[in-house]
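# Survey of secondary and tertiary structure
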Amino acid sequence: MMLINKTNASDLKDEEYIKQCIRLARRGEKSVSPNPMVGCVIVKNNKIIGRGYHKIFGGPHAEVNAINNVSENGYDISGSSLYINLEPCSFHGKTPPCTELIISRKIKNVYIGIKDPNPLVNGKGIKQLLNAGIKVKFNILKNECEELNKAFIKFVKYKIPYISLKVAQSLDGKIALKNFSSKWISNNESRKYVKSLRNKYDAILIGHNTAIKDNPSLLPEKIQNKIPFRIILSDKPEKIPANLKILTDKFRENTILVSSDFNRKSFINILKYLFTMNISKILVEGGAFVFSRFVEYNLFDDMYIFTADKIIGKGISAFDYFEIENLDKSVHLNLNYSKRIGNNTLQYFTKT
């Protein structure tokens, strides 16, 4: 009896090149949103002759940068194979269609991670390449490619932003004392990690009480090409003090004050409005009432929980305002990873 592995050597080689595309794509994580993260490698005679990735929103796409890199390296691109984690675009947007460029350069084969979920593309790019006589293979490392751009996929399919909750708590699950004091439960290393995390989001959102009690700046670690919008969600926006940091600093034009009555319909309408502003990823940083509503309405996608090695006793828990009738209605999460940050523990969860 002969056992035949369905994955042959060619498939493994294709997967390795797509893995390289994914690694390249991640370099644009802090600068391309709401566009997807895309990386591209070009191969000829089993040798990579060009690499590129989408660097900045509105800038040249990964295919363009990789093709230009081939010229910079002094190679002939005709007859080569192009690998990319997301289907090449086929319409005129901020840049010309990448399919036209691929066809004009006489590239022979195109290997794609996943189809582009954007209705403007979604298979049309593949069809154009096939009609031009180019060999196309797709759904290579499909799960990994979808995971890379899960925020983009949600954004274009459902027209609302991807939502992450960030909770900093004590060992006994408190995010603040009963008098709302919360500085500082987490350590300096964790706070630095969160500032770096903010660079990956289009907006940081907090509630009325967190804005007043903590008066945070909500700035990322580094001011790069853009800073995230800073959103205050309030049912009494007229009572927000005018002297808050995010209303008076030099980035105040990036602050959005949103009035909400905190029901589910209101939340969905707010998220739909933020979609129209090209806000595709939001980091929610508190407080308990806002956390509770996002969980109750099932409007979050993942969660970062920073737990300090300290017990503070009576206080406010992150989900104090979320109540269920029985355990069958519990919200179940998957722990994706856990790591120590000094004397704090970071746990990253996704929904089941």
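For the structure, see preceding data.
Presented here is a report on the structure given in the accompanying data block. These figures come from a predicted structure and were not determined experimentally.

### Quick word on the overall build of the chain
- Across its full length, the chain holds 11 helices and 15 strands.
- Judged by the C-alpha coordinates and their principal axes, the chain covers about 70 × 55 × 35 Å.
- Here the chain, with 352 residues, has 51% of them falling under the buried criterion.
- A total accessible area of about 17,900 Å² is found for the chain, and carbon and sulfur atoms account for 50% of it.
- Across the chain, the mean location of the 54 positive side-chain charges is 3 Å away from that of the 33 negative side-chain charges.

### Here's the deal with the environment of Ala 62
- By secondary structure assignment, the location of Ala 62 is in helix 2 (residues 62-72).
- When the C-alpha atoms of Ala 62 and Ala 25 are compared, they prove to be 8.2 Å apart, with 37 residues separating the residues in sequence.
- If near-sequence neighbours (up to four positions away) are discounted, Ala 62 is found in contact with Val 38, Gly 39, Cys 40, Gly 52, Tyr 53 and His 54.

### Re the packing of aromatic side chains
- For the coordinates displayed, the defined rule picks out 12 aromatic pairs.
- Seen in terms of ring centroids, Phe 291 and Phe 319 are 6.1 Å apart; in terms of plane orientation they differ by 50 degrees. Their pairing is tilted. Here Phe 319 lies in the loop between strand 13 (315-317) and strand 14 (333-341) and Phe 291 lies in helix 11 (residues 288-296), a separation of 28 residues in the sequence.
- The class for Phe 319 is partly exposed, based on a relative accessible area of 26%.
- Centroid distance Tyr 304 to Tyr 348: 4.8 Å. Interplanar angle 45 degrees. Geometry classified as tilted. Highlighted residues: Tyr 304 in strand 12 (residues 302-308) and Tyr 348 in strand 15 (residues 344-351), separated in sequence by 44 residues.
- We classify Tyr 304 as buried; its relative accessible area is 9%.
- Taken together, the ring pairs in this structure connect Phe 262, Phe 267, Phe 289, Phe 294, Tyr 297 and Tyr 321 into an aromatic cluster.
- Over the ring of Trp 184 we find Arg 191, and its NZ or CZ is 4.3 Å from the ring centre.
- One cation-aromatic arrangement involves Arg 293 over Phe 289; the distance from NZ or CZ to the ring centre is 4.7 Å.

### Observations concerning helix 11
- The element helix 11 is extensively covered by neighbouring structure, given that seven of its nine residues are classed as buried.
- For helix 11, every residue scored as buried is listed here: Ala 288, Val 290, Phe 291, Ser 292, Arg 293, Phe 294 and Val 295.
- Taken together, the buried residues of helix 11 touch strand 6 (162-169), strand 7 (174-177), strand 8 (203-207), helix 10 (264-276), strand 11 (281-284) and strand 13.
- Once helix 11 finishes, Asn 298 follows within two positions and takes phi at roughly 55 degrees, a positive value.

Rules and cut-offs
Residues numbered from 1 in each chain as written. Predicted model: local features only at pLDDT ≥ 70, side-chain atom pairs only at ≥ 80, totals over all residues. Heavy atoms only, no water. Helix = DSSP H or I, 4+ residues; strand = E, 2+ residues; numbered from the N terminus. Buried < 20%, exposed > 50% of the residue type's maximum accessible area, 1.4 Å probe, protein only. Areas by Shrake-Rupley, 256 points an atom, 1.4 Å probe, with all protein chains shown as cover. Lys, Arg positive; Asp, Glu negative; His and termini not counted. Charge placed at Lys NZ, Arg CZ, Asp CG, Glu CD. Contact = heavy atoms within 4.5 Å. Phe/Tyr/Trp six-rings, centres within 6.5 Å; stacked < 30°, edge-to-face > 60°. Lys NZ or Arg CZ within 6 Å of the ring centre and 35° of its normal.

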